[in-house]
Amino acid sequence: MSTSFRHVLLLLFALLIQSCGGGGGGGTSSNGGSQPPTPLSVDTSSFLNKGAADLANFRVPNLRFIANTGGYVSIPETLAVADFERSGQYSAFVVGEITERGTKYTRGFFLKYDSSTNTWSDDSDQRFDPAADRSSCDDPKLGLVSKLNTDDRPDIYVVCAGGGANGVKQQLYVSSGVGGKYIRQETLFEVDATSASIADIDGDQLADIVTNHGSDLYKVLSRSAASIWLAAKSQIVVRQTPFPSFIQGVFLIPRDAERYLLVAGYGSSGPPQNSIQNSISWYANNQGAFDSTRSDGFTISALASDIYFYDYVERQDSQTMTYGYLYAYTRSAGINTYKNIIRIEAPLAGASLPISRQFTWTYQGTLPAATSWPSRLTIKAGYLSPYDAGCLSNPITNTDGRCSLSFVDSWSNFN
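Calculation criteria
Residues numbered from 1 in each chain as written. Predicted model: local features only at pLDDT ≥ 70, side-chain atom pairs only at ≥ 80, totals over all residues. Heavy atoms only, no water. Helix = DSSP H or I, 4+ residues; strand = E, 2+ residues; numbered from the N terminus. Buried < 20%, exposed > 50% of the residue type's maximum accessible area, 1.4 Å probe, protein only. Contact = heavy atoms within 4.5 Å. Areas by Shrake-Rupley, 256 points an atom, 1.4 Å probe, with all protein chains shown as cover. pLDDT = per-residue confidence, 0-100. Salt bridge = Lys/Arg side-chain N within 4 Å of Asp/Glu carboxyl O. Disulfide = S-S within 2.5 Å.

Details of the overall build of the chain
Check the secondary structure of the chain and you find three helices and 23 strands. Per-residue burial over the chain gives 52% buried out of 415 residues. Sequence-distant contacts, at least 24 apart, represent 54% of the contacts inside the chain between residues at least 6 apart. Carbon and sulfur atoms make up 50% of the accessible area of the chain, which amounts to about 18,400 Å² in all.

In structure tokens, the structure reads:
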């Protein structure tokens, strides 16, 4: 082969490599490619993650309206919204259930939003590790988003009821698989839980959990950033009179370096005349120990006695006042029935509890004509809006009474 011909071949080979972007590590091409999207951030606090400002696509249909989900139906309150795709937009996780030959099965699903068609689709094959077990517990109650391992990806904690006095293992879906894909983990501790909340409560920058086990409260303090599910639970022994005998809501609320604990339920450990009241207890946290000297408890006179479920959101009206909004509903035969939205004063950072609460304010405004009420709420575009995976159309339409309308048309309608 002549030298000149060899030079021509080498030149052609060099041009071919250049046209393919070179032999480097797959970076942007020399002619200028688009930059990868910036993933949305995720906080340790599950309360802050749920209340992220104006969640773009959180109105999520029930799985039965999404193709290729195998006949599963959403357990709506297990919705967890975060940037699971790391694409710069929100996507969703939800637990679905199906009954076959008298046996109920539960399974986790990742859902992807297409803004061009305003529809949701199943994205589970892309998000789960191929070897992952996608099953969940028998009675999932709630889905939470936090950072539960050493990467910056959002992880999911599923609250599970059952097991009576022994409890059951709680479920986690963490980004520990190949390429950051999700796998399922089970906690070492076991509880019979209806609610939980996640935040760093002892100042070590790791996610901690507060949950109920029946009528008792427990905390789970992380000792390793990679394995909170292996930590043990310890009982929170503080009590405030009245205190719920049947806990239906646990919320850890960040206030600068502090974390306030709100416990909502029905029944009371106080005087017998309060035994059927709906009640709330506040506790201030001090490095993982909830302080009974900075606590407050009161009953909700706006509600009659019944079995209630709760969700809680906050809105700061000024630098000196934050109001909390407690959403209360009942459930019968799988159908949620609205009771009320109650506005209460919420303690600011460094507050000296108890705060005077001679009054609670109930919502008196116009409500949507919903046939099935959502289980959870968030604040979107300045209004209370549904936050669960139970919408009845895909895409969401204006005729979807459950999800198309806001649930507070004016914040002044509380009196």
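Describing the confidence of the model for the chain
Caution applies to low-pLDDT regions: their predicted coordinates should not be interpreted in detail. Considering every residue of the chain, the mean pLDDT works out to 82; 85% of them sit at 70 or more. Within the model, the stretch residues 2-32 combines pLDDT values under 50 with seven contacts to residues more than four positions away or in other chains. Low pLDDT, under 50, characterises residues 270-275; the stretch is placed with six contacts to residues that sit more than four places away or in other chains.

Side note on the pattern of salt bridges
A complete count under the given rule lists eleven salt bridges for this structure. For Asp202, the salt bridge goes to Arg223, with nearest N and O atoms at 3.4 Å. With Asp202 in the loop between strand 10 (196-199) and strand 11 (208-213) and Arg223 in the loop between strand 12 (216-220) and strand 13 (233-236), the pair connects residues that are 21 residues apart, well separated along the chain. With a relative accessible area of 14%, Asp202 lands in the buried category. Residue class for Arg223 comes out exposed when judged on its relative accessible area of 64%. Through salt bridges that share partners, Asp133, Arg184 and Glu186 make up one connected network.

Here we look at the state of the cysteines
Applying the stated rule across the entire model yields two disulfides. With its sulfur 2.0 Å from that of its partner, Cys137 forms a disulfide with Cys160. Across the S-S bond of Cys137 and Cys160 the torsion is about -85°, and the bridge reads as left-handed. Of this pair, Cys137 sits in the loop between helix 3 (124-127) and strand 6 (140-146) while Cys160 is found in strand 7 (residues 155-160), placing the two residues 23 residues apart along the sequence. A relative accessible area of 9% means that Cys137 is categorised as buried. For Cys391, the disulfide goes to Cys403, at an S-S distance of 2.1 Å. Handedness here is read from the sign of the S-S torsion; for Cys391 and Cys403, about -95°, the answer is left-handed. One end of the pair, Cys391, is in the segment after strand 23 (383-386); the other, Cys403, is in the segment after strand 23, with twelve residues separating them in the sequence. We note that Cys391, like Cys403, is buried. Disulfide connectivity for the chain, with bonded cysteines indexed by sequence position, reads 1-2, 3-4.

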